[in-house]
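Residue-level structure breakdown
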Amino acid sequence: MITFRHAEPGDLSTVADLMIEVERFYGTEEFPPRQDWERDIKAALFDPFPAARVLLAMEAAEALGLASYNFLWPAAGVSRSLFLKELYVRDPHRRRGIGIDLMSRLHTIAIDSGCSRVEWQTDALNIEAQMFYKKLGVAPMADKITYRSNGADLGRISQLRQHAE
């Protein structure tokens, strides 16, 4: 029987394993030491002001997948939005309806939390994900462009001050 629940501090190792799989899926080959990886996940999920939550799909003691999300504000007017950052189902468990169940539960969380919408992105080359979202009946937005600053841009832009503090 598949169950769904939010990750708790005792799930740290499980979440770390899943996130390593997610990163490998996107091509990452080198990882920081495991204790650093787990420390960062613990801070993101279980600090007093967590950055995100993780919904786990479990079968007995085995994690089958996860949905990592947070809330954004403002969305429409002064409402909140649930932002899905990662939806991942382990390869042997795909096409069992787990992704649909995770998405359904996220939408219930959004409704219960007073969100006006749920938002997510996928890589342009991830055709399998795009087909999955199409099956949900949600079309991609044509009027949004995503920007991302990382690496050297983080430091460069942090120095672009026009006015003294």
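See the structure above.
The paragraphs below set out a description of the structure included in this document. The structure displayed is predicted, hence computed values, not measured ones. (Residues numbered from 1 in each chain as written. Predicted model: local features only at pLDDT ≥ 70, side-chain atom pairs only at ≥ 80, totals over all residues. Heavy atoms only, no water.)

Points about the packing of aromatic side chains
To keep things clear, this is the line we draw: Side-chain rings of Phe, Tyr and Trp (the six-membered ring for Trp) are treated as a pair once their centres are within 6.5 Å; stacked means planes under 30 degrees apart, edge-to-face means over 60, and tilted covers the remaining angles. Each residue gets one of three labels from its accessible area relative to the maximum for its type: buried under 20%, exposed over 50%, partly exposed in between, using a 1.4 Å probe on protein chains only.
Here the structure, examined in full by the defined rule, presents five aromatic pairs. Taking 5.5 Å as the distance between ring centres and 90 degrees as the angle between the ring planes, the aromatic pair formed by phenylalanine 31 and tryptophan 37 counts as edge-to-face. Residue tryptophan 37 is classed as buried on the basis of its relative accessible area of 17%. Ring plane angle 50 degrees and centroid distance 5.3 Å describe the contact between tryptophan 120 and tyrosine 133, whose orientation is recorded as tilted.

Regarding helix α3 (residues 98-112)
For the record, the criterion: To qualify as a helix, a DSSP run of H or I must reach at least 4 residues; to qualify as a strand, a run of E must reach at least 2; elements of each kind are numbered from the N terminus. Expected span of a helix, by definition, is 1.5 Å for each gap between consecutive residues, and there is one gap fewer than residues. Directions drawn from the helix axis to the C-beta atoms are what define this arc. Throughout, a contact is declared for two residues whenever any of their heavy atoms are within 4.5 Å.
Along its 15 residues, α3 runs 21 Å from first to last C-alpha, staying within 8% of the 21 Å computed at 1.5 Å per residue. Residues of α3 that are buried include every one of Ile98, Gly99, Leu102, Met103, Leu106, Ile109 and Ala110, and no others. Summarising the axial view, the buried residues of α3 lie within an arc of 135 degrees, below the 170-degree limit, and thus occupy one face. Turned more than 90 degrees from where α3 packs its buried face, Ile111 and Asp112 sit exposed. Summarising the contacts, the buried residues of α3 are in contact with β1 (2-6), β2 (53-59), β3 (62-72), β4 (80-89), β5 (115-120) and α4 (127-135). Two residues or fewer after α3 comes glycine 114, characterised by a positive phi angle close to 75 degrees.

Observations concerning the pattern of salt bridges
Heads up, the rule is: A pairing counts as a salt bridge when a side-chain nitrogen of Lys or Arg comes within 4 Å of a carboxyl oxygen of Asp or Glu.
Overall, the coordinates contain 12 salt bridges when judged by the stated rule. The closest approach of N and O atoms between arginine 95 and glutamate 128, which form a salt bridge, is 2.9 Å. Here arginine 95, found in the loop between β4 and α3, pairs with glutamate 128, found in helix α4; they are 33 residues apart in sequence, far enough to count as distant. By relative accessible area, which is 39% here, glutamate 128 ends up partly exposed. Where arginine 156 meets aspartate 153, a salt bridge forms, and the shortest distance between an N and an O atom there is 3.2 Å.

Some remarks on the side chain of serine 79
Applied cut-off: Each polar contact in these results corresponds to two N or O atoms within 3.5 Å; when the atoms are within protein, one needs to be able to donate a hydrogen and the other to accept it, and residues that are neighboring in sequence are counted only if both atoms are side-chain atoms.
For serine 79, the position within the fold is in the loop between β3 and β4. Serine 79 gets classed as buried once you look at its relative accessible area, which sits at 17%. In this structure the side chain of serine 79 is engaged in a polar contact, spanning 2.7 Å, whose partner is the backbone oxygen of alanine 76. Setting aside residues up to four positions removed in sequence, serine 79 forms contacts with Leu72, Trp73, Pro74 and Ser116.

Some remarks on the sheet that holds β1
Threshold: At least two DSSP bridges between two strands are required for those strands to pair. Each axis is a line fitted through C-alpha atoms, taken for helices only over the stretch in contact, and angles between the N-to-C directions span 0 to 180 degrees.
Taken in spatial order, the five strands line up as β1-β2-β3-β4-β5 in an open sheet, and their pairing is mixed. Every interior strand has two partners, whereas the edge strands, β1 and β5, have only one. Neighbour-to-neighbour, the strand axes of the sheet open up by a mean angle of 25 degrees, direction not taken into account. Sheet topology note: the β4/β5 ladder contains five bridges and is parallel. Across the sheet, the residue bridging to arginine 80 is cysteine 115, located in β5.

Quick notes on the nonpolar core
This is how the line gets drawn: Residues grouped as a nonpolar core are buried Ala, Val, Leu, Ile, Met, Phe, Trp, Tyr and Cys residues, joined through side-chain atoms within 4.5 Å.
Ranked by internal contacts, the top residues of the largest apolar core, which has 20 residues, are Leu82, Leu84, Ile98, Leu102 and Leu106. Every element with two or more residues in this core is listed here: β2, β3, β4, α3, β5 and α4. In terms of residue count, α3 provides more of this core than any other element does, six residues in total. Ignoring any residue separated from it by four or fewer positions in sequence, one finds leucine 84 in contact with Ala67, Ser68, Tyr69, Met103, Leu106, Glu119, Trp120 and Tyr133. Core analysis: the next-biggest nonpolar cluster, separate from the first, contains 18 residues, Ala16, Trp37, Ile41 and Met58 among them.

By themselves, these are just geometric observations and shouldn't be taken as functional.
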